[in-house]
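# Examining the three-dimensional arrangement
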Amino acid sequence: MSQFHFLNKVQPPQVTSLNLPPNTSCVLLKKQTISVEPTPLPILQPDGVLVKVIATGICGSDLHNYLAGGVGGRPVTEPIVMGHESSGEVIAVGDLVTTHKVGDRVAVEPGLPCRRCANCKNGRSNICMDMRYCGAPGSVGSLMRYFALPADMAPHIPEHISWEESGSIQPLAIGVQIGKRVDLRAHQTVAIFGCGPIGLITAAVAHAYSARKIIAVDNNPKRVEFAKKYISPITGKPIIDHVFLNTDLPSSIPQSNGHMNGVSPTDVGAGVGDGEAGVVEEEHHVTPGDIKWEAAKERAAKWIAEAGLTAEEGFDRVIEASGAEDCGLLGVAIAKQGATYLAVGLGHIQTNVFPTLAVTNKEIDVRGVTRYTASCFPSAIDLLSRGVVDLKQLITKTFPLSQSKEAFEAVRAGNDIKVIVKNQEM
Ligand SMILES: [Zn+2]
Ligand SMILES: [Zn+2]
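Reading the values: rules and limits
- Residues numbered from 1 in each chain as written.
- Chains lettered and ligands numbered in written order.
- Predicted model: local features only at pLDDT ≥ 70, side-chain atom pairs only at ≥ 80, totals over all residues.
- UniProt positions renumbered as here; feature names shortened; annotations may be inferred.
- Helix = DSSP H or I, 4+ residues; strand = E, 2+ residues; numbered from the N terminus.
- Buried ≥ 20, exposed ≤ 12 C-beta atoms within 10 Å, placed from the backbone.
- Core = buried A, V, L, I, M, F, W, Y, C linked by C-beta atoms within 7 Å.
- Contact = placed C-beta atoms within 7 Å.
- Pairing = 2+ DSSP bridges.
- Axes fitted to C-alpha atoms, helices over the stretch in contact; angles between N-to-C directions.
- pLDDT = per-residue confidence, 0-100.
- Parallel < 35°, antiparallel > 145°, perpendicular 65-115°, else oblique.
- Left-handed = near helix turned anticlockwise from the far one by under 90°.
- Nonpolar A, V, L, I, M, F, W, Y, C, P; charged D, E, K, R; others polar.
- Expected span 1.5 Å × (residues − 1).

- The name given to the chain in an unreviewed UniProt entry is Xylitol dehydrogenase, with the source organism recorded as Papiliotrema laurentii.
- Turning to the chain, the UniProt annotation filed under Cofactor (unreviewed entry) states: "Zn(2+)".
- The UniProt entry for the chain carries this comment under Sequence similarities (unreviewed entry): "Belongs to the zinc-containing alcohol dehydrogenase family."

So this is what it looks like as structure tokens:
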């Protein structure tokens, strides 16, 4: 089995002397087939730490890996240990390590950039062209009892942060990176599509950064109700000001109504619409995408009005964390002119209808985000440590390692927000 990080191939004495039990791991054998079985103990390197993993969060990309048998277009060709959202306790340190000692509580940074490719050399190691990422094909994951990694990728966690919460530091680091990429600033208005873990964590980060108004949208009534009750540790009130239940946008014109949903393109303000009156009134062939777009503008205008932002004609920052085509349209429709739109959600198809004309006319910055950057883990740990972000509320279920399959099935069912596996519980 491939190793996450290795130079030496022999286990040093500080590990062999521990006489550890078998390294029980959650192994993806093939598509939708998980086995909880021992795998080789990772070899502690001179610059590394060996971690007794205590908690591991399961997220959408793990689920995708499980269901599809691979991530990012890379199929699983050999059995692979899953998981990438872990924390635990240091039980051995490499000979060269001065920063860590046995007993330290640490998080696991799951991405090991190559340091050699053009993107790494350019300071953008999160988009490394040869990234080793825990649980992705080619790199062992951290859903096991004992995991070894370079010490500098194991940031310390303060005592007062619970293990369960520590198992969600990685998605919080992703939330911090989302904040960086969308250029979150104090006193902005923020619209979030998708009330799953990443959507809610992003809301928590925006709130901690003093967002003025936050709205969120989801098509699952349970998630909408959950999001309404996500309480701020700072104010004691809900983090999200308005949570809206979404339904599919129509893509064909109702027979009885020749007009697109009764809305004329000039009915809505520039911030909601295409940015420039007249453009859409030219003679052109009406496509299903155009029909959806008109409906998206109408719906976005309602949400903007309910949020009290009609005069501003939309939101400063839009975070699309659902991956749904409709939310791309709604996201651009709800963005004010000059806004920034960040594509976070991963859909199941490569191409979607996207309102490019409105993007241009509203001069919207459309950006993407991949993984996290260097300072995100320290920032995430700091946000938790100071108590300005609370992840405890998001953890709706925990499973012992032996029930990893049940944990994945719980994520698949979609009724839970954050599912955590306890790696030492069998
Ligand atoms: Zn994840
Ligand atoms: Zn690289």
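Still to come is the rest of the account.
## Observations regarding unusual backbone geometry
- With a phi close to 70°, R115 is a non-glycine residue in the positive phi region.
- Along the chain, R115 falls in the loop between strand 9 (111-112) and helix 3 (118-121).
- A residue is classified by how many C-beta atoms lie within 10 Å of it, and R115, with 10 of them, is exposed.
- For H187, which is not glycine, the phi dihedral falls at a positive 70°.
- With respect to the helices and strands, H187 occurs in the loop between helix 5 (169-181) and strand 12 (189-193).
- The class for H187 is exposed, based on 10 C-beta atoms found within 10 Å.

## Some thoughts on the nonpolar core
- One finds V51, L172, I214, A216, I319, I334 and A380 to be the most contacted residues of the largest nonpolar core, which totals 119 residues.
- Of the residues forming this core, the biggest block, eight residues, is contributed by helix 6 (residues 197-208).
- Ignoring any residue separated from it by four or fewer positions in sequence, one finds V51 in contact with G88, E89, V90, V106, V108, Y146, F147 and A154.
- Formed by five residues, the second largest nonpolar core is a distinct cluster that contains M131, Y133, C134 and A136.

## As for the sheet that holds strand 15 (residues 315-320)
- An order of 14-13-12-15-16-17 is seen for the six strands of this open sheet, with the pairing classed as parallel. A single partner strand is all that each edge strand has here, and the edge strands are strand 14 (242-245) and strand 17 (365-368). Each strand of the sheet is rotated relative to its neighbour by a mean of 15°, with strand direction disregarded.
- With five bridges connecting them, strand 15 and strand 16 (residues 335-343) associate as parallel partners. From the neighbouring strand, R317 faces strand 16, where its bridge partner is T340.
- Helix 7 (residues 221-228) contacts strand 13 (213-218) and strand 14 of the sheet and is inclined by roughly 175° relative to strand 14.

## Some remarks on the confidence of the model for the chain
- Confidence in the prediction of the chain, expressed as mean pLDDT, is 91, and 91% of residues score 70 or more.
- Here residues 257-270 is a poorly scored stretch, pLDDT under 50, and it has 26 contacts once near neighbours within four places are set aside; other chains count.

## Section: the packing of helix 5 against helix 6
- Two elements in contact, helix 5 and helix 6, have axes separated by 9 Å at closest approach and are oriented at 60°. Accordingly, the angle class assigned to the pair helix 5 and helix 6 is oblique. Relative to helix 6, the crossing made by helix 5 is right-handed. Residues P171, L172, I174, G175, V176, I178 and G179 of helix 5 form the contact with helix 6, whose own contacting residues are P197, I198, I201, T202, A204, V205 and A206.
- In terms of residue class, the contact of helix 5 with helix 6 is built from eleven nonpolar, three polar and no charged.

## Things to note about the sheet that holds strand 2 (residues 33-39)
- Read across the open sheet, the three strands follow the order 2-1-6; overall the sheet is antiparallel. Each edge of the open sheet carries a strand with a single partner, namely strand 2 and strand 6 (80-81).

## A few points about the pairing of strand 11 (residues 146-150)
- The buried count for strand 11 comes to four of five residues, which makes it a mostly enclosed element.
- Bridge count for strand 3 (residues 48-58) against strand 11 is five bridges, and the pairing is antiparallel. Counterpart to G48 in the pairing with strand 11 is P150.

## Re helix 5
- Helix length check: helix 5, at 13 residues, gives a terminal C-alpha distance of 18 Å against a target of 18 Å (1.5 Å per residue), a fit within 8%.
- Within helix 5, eleven of the 13 residues are buried, which leaves it mostly tucked inside the rest of the structure.
- Of all the positions in helix 5, only I169, Q170, P171, L172, A173, I174, G175, V176, Q177, I178 and G179 are classed as buried.
- Positive backbone phi, approximately 60°, marks D183, located one or two places after helix 5.

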